[in-house]
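Descriptive structure summary
If you want the building blocks of each chain, they are given just below.
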Amino acid sequence: MNMTRRQVLMLLPAAAVAWEAVLAGTPEAAPNYKTTEHWWGMLVDISKCIGCGNCVRACAAENNVPEGYFRTWVERYHVSDYDLADPVVDSPDGGKEGFPLLAETGGKNFFVPKMCNHCADSPCTQVCPVGATFVTPDGVVLVDKQYCIGCRYCIQACPYGCRFLNPKTQTAEKCTLCYHRITKGLTTACCEACPTGARQLADLKNPNDPIHAFLRTHTVQVLKPHMATGAKVFYNDLDGSVR
Amino acid sequence: MPVQGYMYPNEIELAWSVLIVLYPFITGLVAGAFILASLERVFRVDEVKPTYRLALLTALAFLLVAPLPLQLHLGHPERSFEMYLTPHRTSAMAMFGFVYLWYLMAVLVLEIWLDYRRDIVLLSQRAKGVLRIIYKVLTLGSSNISEAALRVDDRAGYIVTVIGIPSAFLLHGYVGFIFGSVKANPWWSSPMMPVVFLFSAMVSGIAVVMLLYMLSCRFRKQEVDMRCVDTIAHYLFYTFLIDFGLEMLDLVHRIYEADESFRSLDFMVHTRLYMSQVVGQIYLGTLAPIALLALTQLLKFGEKTRKRIYAVAGSLTLIGIFAMRWNVVIGGQLFSKSFLGYTTYKVGFVAREGLLAAIFLTLLPFVILWVLVKLLPPWPKHEPVAQGGEVAVQGDD
Amino acid sequence: MSRFKDSEHLLRVALVFGVGIIAFVVVRTLLVPRSFGEFGHYRGNAIAEIAAQPVQFAGHQACEACHSDIVEMKNAGKHAGVNCEACHGALAKHTEDPGTVQPMKLNTAILCVRCHEVNGARPKSFPQIVAKEHNGGDLPCETCHQPHSPLLVPGAKP
């Protein structure tokens, strides 16, 4: 087919738009991914979480998480009255199969999904003796399971209890923010499976990401702010009783 | 019920086992035994001279075993050399490989070699068979044991010991920092942790050398040098007072400030950790030996009674310091970081990180010490030798 | 001269140490992974290795390509924000080979109560029922509700 230069120039923008559409839907967007263009975090909306456990199950399915260990889990809180220091908390099997009927009556009850907070000043990264766990340039804390020696120091250093030793690989493991998905333009498995939008992936470096508007207009917190970990999982409507 | 209250799901199973309790106990004995040896060498406390060589060999025996509990604990021990390849400078644990190697080679082995060199040369000339080869290798090819050469050795050994004292502090102090620098764990996080570890190390090291000396005198059918053990017991007593003072300071401070972790930790100490902390570490392991030693400082007892008291006090001390390591490591993992619950430590028996492995690793240093004592006898020739076929050695007396 | 003679053995020690240090440096240079330190104190290749993990959930955009009719129905109702795989499970394999790999048949009696059964802590505004009172406990929800757009099916028994 003979194309004049003019015809090619006119087709190019259309081709680019079409290409973008293709890329958005396919998992093969990886080659275009630049770590320096992203700074990942997550938004968890307590007011929307219904404790269905979809996220826990989806994460386990996506990442082959061993039974009895959790890359993410859901906690249920019962705060009886003004005593914020004594909540009743349960998380049956991490909330994987949802929650049974709450025994306590009255008070204030809600769910809190937990996961790795992908701390910007990560204490787990600080203590790794060999450099097997690290923060990527796009803000995700990962574990190199080919290099990890299984000393478990990082597990001790995490204030949030999000790490465990994988009994099969004998290396430290935790939530990877579904790095293999987010670098392909997909969202994390837990966000994909959440039916109410309580979990939303956030790219803090993207000016168009809805999290910026959300953070400006809502009351948000991170877990254990006194630890100064630079946690990047933001909680909307987080109660003071949450540990 | 293994879990009481609420634990984060990944916290229920303990990450650090009894082997991680054993490691600081062993390096503590190393540091403590070395400090006792340095008392004679650097601070000229002549009374403890009979234990000098024994203390060094004890330190070496325990130091050789020290990496073993760690290797057994690692998920990938075959990758542990990575600490030498790419040590992460922000991690206290990354120091281990280098501090260990430095202390083993540049301090302990060097000092033992310098002190034993004359004996090694003599043994290399008198021994037969495989032993002769071993001694010959140990001489590094030099047979110069003239007065001048030995003076050089003495001077060099002095310098090595002087460097060795802060090295011993580093060898064990960094372990205290490994725990003390973990902000996530309020049972561990404290600037006092390295200091408490060090003083309890000195206490345990002094106690173990004292016990081994008395035991070895028994085996060799020799008189115990009472001036020696009295002096050691003296040092043990005062070091123990400092150690106890530091631990009490930590306790009082916690109770007074009563921060968000206090209620949870207090409950743990009164329930799951009661036997090992209150009974094992404080009553039996600290107050009892201090009281016994105080008695010997205040009242005049006969030789036999003093020896018995020292033996009991020394043994209780070792139990107490082991309990302290247990309470730090295991205690720090029994409570939830949510401060809402507690778990239990299930220690297996035949498992990789089980009791059997721990017992074996505790006994192994004594076996190694026995070999070392045979290879490099700490005591002078005129003492009767325990077994036939042994080469007696002219010790430097 | 004699002074050196008496310290000569110390030189031998120094030699042993020197050889040891050189050997250490050589071995170290050989064994450190090539990509280590590329982006920070870790193996640079690890990032690509982790990113290469296979995907199990296809993501709702993939479903919309073929099942636009369902999506249209879903977008008209209360389940507009519920992604397909939230109920149907991980289906990346189905998108790769739609003919062979079929999604499992779902049992609405079990599936729906996971979200909609009262458990005491769900937000008050969220639609929740006590299954025993609502439908006797074992009547499949789809008897009266269209799962993709859960309005009552017209003509169904209330």
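Because the structure is a prediction, the values reported are computed rather than measured. (Residues numbered from 1 in each chain as written. Chains lettered and ligands numbered in written order. Predicted model: local features only at pLDDT ≥ 70, side-chain atom pairs only at ≥ 80, totals over all residues.)

Attention now moves to the overall build of chain A. For chain A, the helix and strand inventory stands at seven helices and 11 strands. When burial is assessed residue by residue, chain A has 54% of its 243 residues classed as buried. (Helix = DSSP H or I, 4+ residues; strand = E, 2+ residues; numbered from the N terminus. Buried ≥ 20, exposed ≤ 12 C-beta atoms within 10 Å, placed from the backbone.)

Residues and elements named next belong to chain A. With respect to topology, four strands assemble into an open sheet ordered β9-β1-β11-β10, the strand pairing being mixed. With partners counted over all chains shown, the strands left at the sheet margins are β9 (199–203) and β10 (220–221), one partner each. Relative to β9, strand β1 (residues 40–45) runs antiparallel, the two sharing five bridges. Looking at the pairing, M42 lines up with L201 of β9. (Pairing = 2+ DSSP bridges.)

A few words now on the interface of chain B and chain A. Taken together, the contact between chain B and chain A spans 29 residues of the former and 35 residues of the latter. Its residues assigned to classes, the side of chain B that touches chain A comprises 14 nonpolar, 10 polar and five charged. (Contact = placed C-beta atoms within 7 Å. Nonpolar A, V, L, I, M, F, W, Y, C, P; charged D, E, K, R; others polar.)

Turning to the environment of T296(B), a few remarks are in order. Residue and element names in this part refer to chain B. On the secondary structure map, T296 appears in helix α11 (residues 274–298). Along the chain, T296 and L64 lie 232 residues apart, while their C-alpha atoms are 35 Å from each other. In this view, T296 contacts A233, F301, R306 and I309; residues no more than four positions away in its chain are not counted.

Right, let's get into the interface of chain A and chain C. Counting residues at the interface gives 41 residues for chain A, matched by 32 residues for chain C. Where the side of chain A that touches chain C is concerned, the elements lending two or more residues are α1 (5–25), α2 (54–63), β4 (108–115), α5 (179–182) and α6 (189–193) of chain A. Take the side of chain A that touches chain C: its biggest share by element is four residues, from α2(A). Classifying every residue of the side of chain A that touches chain C by side-chain character gives 22 nonpolar, 14 polar and five charged.

Glancing now at the packing of helix α1 (residues 18–41) of chain B against helix α12 (residues 303–329) of chain B. Residue and element names in this part refer to chain B. Two numbers describe how α1 lies on α12: the axes approach to 9 Å, and their chain directions differ by 140°. Of the possible angle classes, the one that applies to α1 and α12 is oblique. In terms of crossing hand, the pair formed by α1 and α12 is right-handed. Residues I20, V21, P24, F25 and G28 of α1 lie in contact with α12, whose contacting residues are I321, F322, R325, W326 and V329. When the residues that make up the contact of α1 with α12 are grouped by side-chain class, the tally is eight nonpolar, one polar and one charged. (Axes fitted to C-alpha atoms, helices over the stretch in contact; angles between N-to-C directions. Parallel < 35°, antiparallel > 145°, perpendicular 65-115°, else oblique. Left-handed = near helix turned anticlockwise from the far one by under 90°.)

This part takes up the confidence of the model for chain A. Per-residue confidence for chain A averages 91 on the pLDDT scale, and 88% of its residues sit at or above 70. Confidence drops under a pLDDT of 50 for residues 20–29 of chain A, and excluding neighbours within four residues, the segment shows 12 contacts in the predicted structure. (pLDDT = per-residue confidence, 0-100.)

Residues and elements named next belong to chain A. Strand order in this open sheet of three strands is β3-β2-β4, and the pairing throughout is antiparallel. Edge positions in the open sheet fall to β3 (88–90) and β4, since each of these has one partner strand only. Each neighbouring strand pair of the sheet contributes to a mean axis angle of 25°, computed without reference to strand direction. In this structure, strand β2 (residues 72–79) lies alongside β4, joined through eight bridges in antiparallel fashion. Each residue of the ladder has a partner; that of R76, found in β4, is F111. Packing against the sheet, α2 makes contact with β2 and β4, and its axis sits at approximately 165° to β2.

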